[in-house]
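Structural overview
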Amino acid sequence: MSPLIIALIGGLFGLLLGSFANVVIARVPKGESVVSPPSACPHCGHQIGWRDNIPILSYLLLGGKCRSCHTAISARYPIVEGVMALLFGGYSYWFASIGDLYALPGILAFVFASMCLLVIDIDTFRLPNAITVPLMGTTLVLFSAAALFHGETSRFWSMLFGPVFLAGILYIAHRIRPSGMGMGDVKYAIPMGITLGYLGIGPVIVGYFLALFVGVGWGITTMAKHGFKRRVPMPFGPGLVIGAFAAIIVGNQIARLYMSITGL
């Protein structure tokens, strides 16, 4: 099967999961079930039928409003669905192109959970255990299986290095300044480290520095919006997620480029 076909299948799968991601984002921070009750309008309580729950399309056909009460629906819902579709399609194409389909289940599971965490952290400044803890086990099992299917047990060393390096640094930062670095970030660093570690030590280190770069940029932008006049809370989760997403693709290339320039 060609990488393009795999990408199309992955994109469609991501579109469907994007709709479920919106449920996870809305309910998990509140400690609510993501299975029941069925989705309903948060304003009037009208239960959303299947025809109004088609990713992106239903939003467009309804003009971004509830069918029952005509209250505006946040544009974030189709945005999350669209971004999830693009990420799933893009990573499916990439891993099909490099011939590593064994890694794809782990990558897509990591991407799905990470997208949910990114939005939740922006909303609540939390990375819930209900997502980060299961993600630790999921990434460990899926990437361990991928390494065994490849017969490349050497990957286990970098899969060990990844979470120790990332979670270790963030835990030290948490101990030094608990208000600036939460334990949710430390816990997320474990599946992030496993995922990037499967790809090599280079992506782990590059992912960390990309996360810092994004985090600093995010912080400066946030402070600028408030006129640099007062301290404002800033989530670090989005930096970690974006850094990880980028390092999955360019981590090894950046690491090799750095070593060629420095002669290491």
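Everything that follows concerns the structure shown earlier in this document.
Bear in mind that the values here come from a model prediction, so they are computed numbers and not experimental data.

1. Side note on the overall build of the chain
When helices and strands are counted, the chain shows nine helices and zero strands. Since a compact globule built from 264 residues should have a radius of gyration of about 18 Å, the 20 Å found for the chain is in line with a globular shape. Taken over the C-alpha atoms alone, the chain extends approximately 65 × 55 × 30 Å along its principal axes. A separation of at least 24 residues holds for 69% of the contacts in the chain among residues at least 6 apart in sequence. When the accessible surface of the chain is summed, it comes to about 13,800 Å², and 70% of that surface belongs to carbon and sulfur atoms. Distance between charge centres in the chain, computed from 16 positive and 8 negative side chains, equals 10 Å.

2. Structural notes on the layout of surface pockets
The space that makes up the largest pocket amounts to roughly 800 Å³. Residue lining of the largest pocket: 35 residues in total, with Ser39, Ala40, Ile48, Asn53 and Tyr77 positioned closest to the centre. Of the residues forming the lining of the largest pocket, the biggest block, six residues, is contributed by helix α1 (residues 3-27).

3. A few points about the nonpolar core
By size, the foremost hydrophobic cluster in this structure holds 55 residues, and its most contacted members are Tyr91 and Tyr188. For this core, the elements supplying multiple residues, two or more each, are α1, α3 (76-97), α4 (104-124), α5 (129-150), α6 (155-176), α7 (183-199), α8 (201-225) and α9 (237-262). Residue contributions to this core peak at 13 residues, all from α4. With near-sequence residues (within four places) excluded, Tyr91 lies in contact with Leu104, Ile107, Leu108, Val111, Phe245, Ala246, Ile248 and Ile249.

4. Quick notes on unusual backbone geometry
The residue Ile56 is not glycine, and still its phi comes out positive at about 65°. Looking at the secondary structure, you find Ile56 in the loop between α1 and α2 (57-61). The partly exposed category is assigned to Ile56, whose relative accessible area is 29%. Its identity is not glycine, yet Phe125 carries a phi of approximately 60°, on the positive side. Within the secondary structure, Phe125 is located in the loop between α4 and α5.

5. Here we look at the pattern of salt bridges
Using the criterion set out here, one finds two salt bridges in the structure. With a closest N to O distance of 2.8 Å, Asp123 and Arg76 form a salt bridge. Here Asp123 is found in helix α4, whereas its partner Arg76 is found in helix α3, with 47 residues between them in sequence. Exposure remark for Arg76: the relative accessible area of 35% places this residue in the partly exposed category. Here Glu152 and Arg155 are joined by a salt bridge, their closest N and O atoms 2.5 Å apart. You can call Glu152 partly exposed: its relative accessible area is 31%.

6. Concerning α1
Between its first and last C-alpha, α1 extends 35 Å over 25 residues, near the 36 Å set by a 1.5 Å rise per residue. Its maximal kink placed at Ser19, α1 deviates by approximately 25°.

Conventions we followed
Residues numbered from 1 in each chain as written. Predicted model: local features only at pLDDT ≥ 70, side-chain atom pairs only at ≥ 80, totals over all residues. Heavy atoms only, no water. Helix = DSSP H or I, 4+ residues; strand = E, 2+ residues; numbered from the N terminus. Rg over C-alpha atoms; globule rule 2.2 N^0.38 Å. Contact = heavy atoms within 4.5 Å. Areas by Shrake-Rupley, 256 points an atom, 1.4 Å probe, with all protein chains shown as cover. Lys, Arg positive; Asp, Glu negative; His and termini not counted. Charge placed at Lys NZ, Arg CZ, Asp CG, Glu CD. 1 Å grid on protein atoms, 1.4 Å probe; cavity = no way out; pocket = protein on both sides within 12 Å on 5 of 7 lines; lining within 4 Å. Points joined across faces, edges and corners; volume = space filled by probe spheres on them. Core = buried A, V, L, I, M, F, W, Y, C linked by side-chain atoms within 4.5 Å. Buried < 20%, exposed > 50% of the residue type's maximum accessible area, 1.4 Å probe, protein only. Salt bridge = Lys/Arg side-chain N within 4 Å of Asp/Glu carboxyl O. Expected span 1.5 Å × (residues − 1). Bend = angle between axes of the 7 residues up to and from the residue.

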